[in-house]
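Fold and geometry: a report
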Amino acid sequence: MFWADETEKAYYSEFGDVMSFDATFRANKYALVFVPFTVIDHHKSSVAVGARLLSTEDEDSYKWLLEQFLKAHLNKQPLLVLTNQDPTLTQVVDSVFYLSGTDFKKRFNKLVWDMYIECDVFEWNQELMMKEFNLEDERLMKTTSRYNQRELDHKTKGAHYSLKFPRMIEGHATNVYTSKLFFEVQKEIYKGRWYCDVKDLSEGDGWELFKVRHMYHKHEVKATYKVELKYVEKEVNCSCVYFNHFGILCRHAFGILMNKIFDEITDKYIPRQWRKDVISSNYQLSRDRFDEEDADVTKLVNESNSSNDVPITNFDAVERLYKVTIPEEVEIFVLDAQHNKGCRKKMLIGEVEKSIMKVQKKTKK
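For every chain, the first residue of its written sequence is number 1, and the numbers climb from 1 along that sequence. Only residues with pLDDT of at least 70 get local features here, since the model is predicted, and only at 80 or more are side-chain atom pairs given and counted; chain-wide, interface and lining totals rely on the full set of residues. Note: side-chain values were computed over all heavy atoms of the structure, leaving out hydrogens and water.

Observations regarding the overall build of the protein
The secondary structure listing takes helices from DSSP runs of H or I that are at least 4 residues long and strands from runs of E that are at least 2 residues long, numbered from the N terminus. What the protein contains, in helices and strands, is 13 helices and nine strands. Within the protein, buried positions represent 40% of all 365 residues. We call two residues in contact when some of their heavy atoms are within 4.5 Å. A separation of at least 24 residues holds for 59% of the contacts in the protein among residues at least 6 apart in sequence. Between buried and exposed lies partly exposed: a residue is buried under 20% and exposed over 50% of the maximum accessible area for its type, with that area taken using a 1.4 Å probe on protein chains only.

Re the sheet that holds strand β5 (residues 80-82)
Strand-to-strand pairing in sheets goes through backbone hydrogen bonds, with the strands running parallel or antiparallel. Paired strands, as defined in this entry, are two strands with at least two bridges between them according to DSSP. The mixed open sheet is built from five strands, whose spatial order is β1-β4-β3-β2-β5. Because the sheet does not close on itself, it has two edges, and the strands there are β1 (2-3) and β5. Axes here mean lines fitted to C-alpha atoms, for a helix over just the part in contact, with angles spanning 0 to 180 degrees between N-to-C directions. Across the face of the sheet, helix α1 (residues 6-15) comes into contact with β1, β2 (18-21), β3 (33-40) and β4 (46-54) while running at roughly 120 degrees to β4. Packing of helix α2 (residues 59-72) onto the sheet brings it into contact with β1, β2, β3 and β4, and relative to β4 it is tilted by some 135 degrees.

Considerations on the sheet that holds strand β7 (residues 207-215)
The antiparallel open sheet is built from four strands, whose spatial order is β6-β7-β8-β9. Looking along the sheet, the strands with just one partner apiece sit at the ends: β6 (196-204) and β9 (235-238). Each strand axis lies, on average, 25 degrees off the axis of its neighbour in the sheet, ignoring direction. Relative to β9, strand β8 (residues 221-230) runs antiparallel, the two sharing four bridges. Looking across to β9, one finds that K230 is bridged to E235. Taken strand by strand, helix α10 (residues 251-259) contacts β6, β7, β8 and β9, and its axis lies near 55 degrees from that of β8.

Notes on unusual backbone geometry
For L74, which is not a glycine, the phi torsion comes out positive at approximately 55 degrees. Of note, L74 is situated in the loop between α2 and β5. Accessibility expressed as a relative area gives 68% for L74, which makes it exposed. With phi around 60 degrees, K234 is a residue other than glycine that occupies positive phi space. If you trace the backbone, K234 turns up in the loop between β8 and β9. Of the residues examined, K234 reaches a relative accessible area of 42% and is grouped as partly exposed.

Points about the nonpolar core
In these notes, a set of buried Ala, Val, Leu, Ile, Met, Phe, Trp, Tyr and Cys residues joined through side-chain atoms within 4.5 Å is what counts as a nonpolar core. Judged by nonpolar contacts, the single largest core of 31 residues is most densely connected at I169, Y177, V185, L249, F254 and I265. Looking at this core, the elements that each hand over two or more residues are α7 (168-176), α8 (179-194), β7, β8, β9 and α10. Counting residues per element, this core draws most heavily on α10, which supplies five residues. Filtering out sequence-adjacent residues up to four positions away, V185 remains in contact with A173, Y177, I248, F254 and I265.

Here's the deal with the pairing of β9
Residues V236 and C238 of β9 are buried on one face, while the alternating residues E235 and N237, pointing to the opposite face, are not. The turn joining β8 and β9, which pair antiparallel and follow one another in sequence, is formed by four residues; a positive phi near 60 degrees is taken by K234.

Re the packing of aromatic side chains
Each pair of aromatic rings taken from Phe, Tyr and Trp, with Trp reduced to its six-membered ring, is defined by centres within 6.5 Å and is described as stacked if the planes are under 30 degrees apart, edge-to-face if over 60, and tilted in the remaining cases. Summed over all chains, the structure comprises eleven aromatic pairs. Just above the ring of Y12 sits the side chain of K76; from NZ or CZ to the centre is 5.5 Å. Placement of a positive charge over a ring is assigned whenever Lys NZ or Arg CZ falls within 6 Å of the ring centre and within 35 degrees of the normal to the ring plane.

Looking at α7
Count 3.6 residues to each turn of an α-helix, and residues three or four apart come out pointing the same way. When α7 is considered as a whole, its buried residues turn out to be I169, E170, H172, A173, T174 and V176. Contacts from the buried residues of α7 go to α8 and α10.

Considering the confidence of the model for the protein
The predicted coordinates of low-pLDDT regions are not to be read in fine detail. As a per-residue quantity, pLDDT reports the predictor's confidence and falls between 0 and 100. Looking at the protein as a whole, the pLDDT averages 76, with 69% of positions reaching at least 70. Element-level mean pLDDT values for the protein span from 61 in helix α6 (residues 146-157) up to 94 in β9. pLDDT under 50 marks residues 137-145. Its contacts with residues more than four places away, or in other chains, come to 25 contacts. Low pLDDT, under 50, characterises residues 281-289; the stretch is placed with 14 contacts to residues that sit more than four places away or in other chains.

Below you can see the structure in the form of structure tokens.
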């Protein structure tokens, strides 16, 4: 059984470039395997975009699962999938998803395990890969519930922020970012104002070049960076490449923007997934799927979108909405307890774990 509701479809539509899924073992009454799919939203929290209960863990079951996942999400392919080391699962993922991440994984492993690569060469190659695969701003964090997700949305909409100092650019940040991201941006703005020393260097080809000294609390120089600015086009680049990694401008860039009295952050430096209004339009997707002239159906859809806690009592409206007939009696077949690979007394041990165990044994001797 696989399911994904309209809200989960909306979140996958916006944040589904990088997706994670894994299986839990016998975590329910009937010893079925629960497989949740999660992505990272604009609050930097994990949200579910689908789930399934499996009776068996084999290639056919996983293949059906991933095919149904794509079908539910209008065949939108993720760019990268994170899962466990199960060989069967890895094989199915590669056959169902057309991942640019397959090549990414090989290249990234080669880059990480190169013992002789210089630090600056590693960072340069990593930056190129992140840009090529469009992964600069994607990171996986802890899991949160749908309730927590709505709480975050509510807090963001009604938030009143205390500004560090009267700058228009900080006020603009309060209007576009979610609360989580705003506080990160505010920190960079504050540091750019008080801990960055700006010096003009040169001009050429429409770019102004600056040297920014990153200071400690005791006014000692921590590091020096070069920042480029195109004033008319409102483009800014910093040698620290902070934006490429985290999706927000660095304190060095903000130091320059405030020095040049910019009132707003340019749209190109506000990734869509960090905006507070990114998901609101997707809540309207269901409008095309039901008759708005049917008051009962409209009420049912609005209530289900606004809260998971509202019990469904108007089953006639449900039948008209989904164009189905609800049977008077439903027969449920209770499955026997399943024995999956995770149910063994001895878990399968991967090559990495075996290597670690050998080193630990040698150390004890």
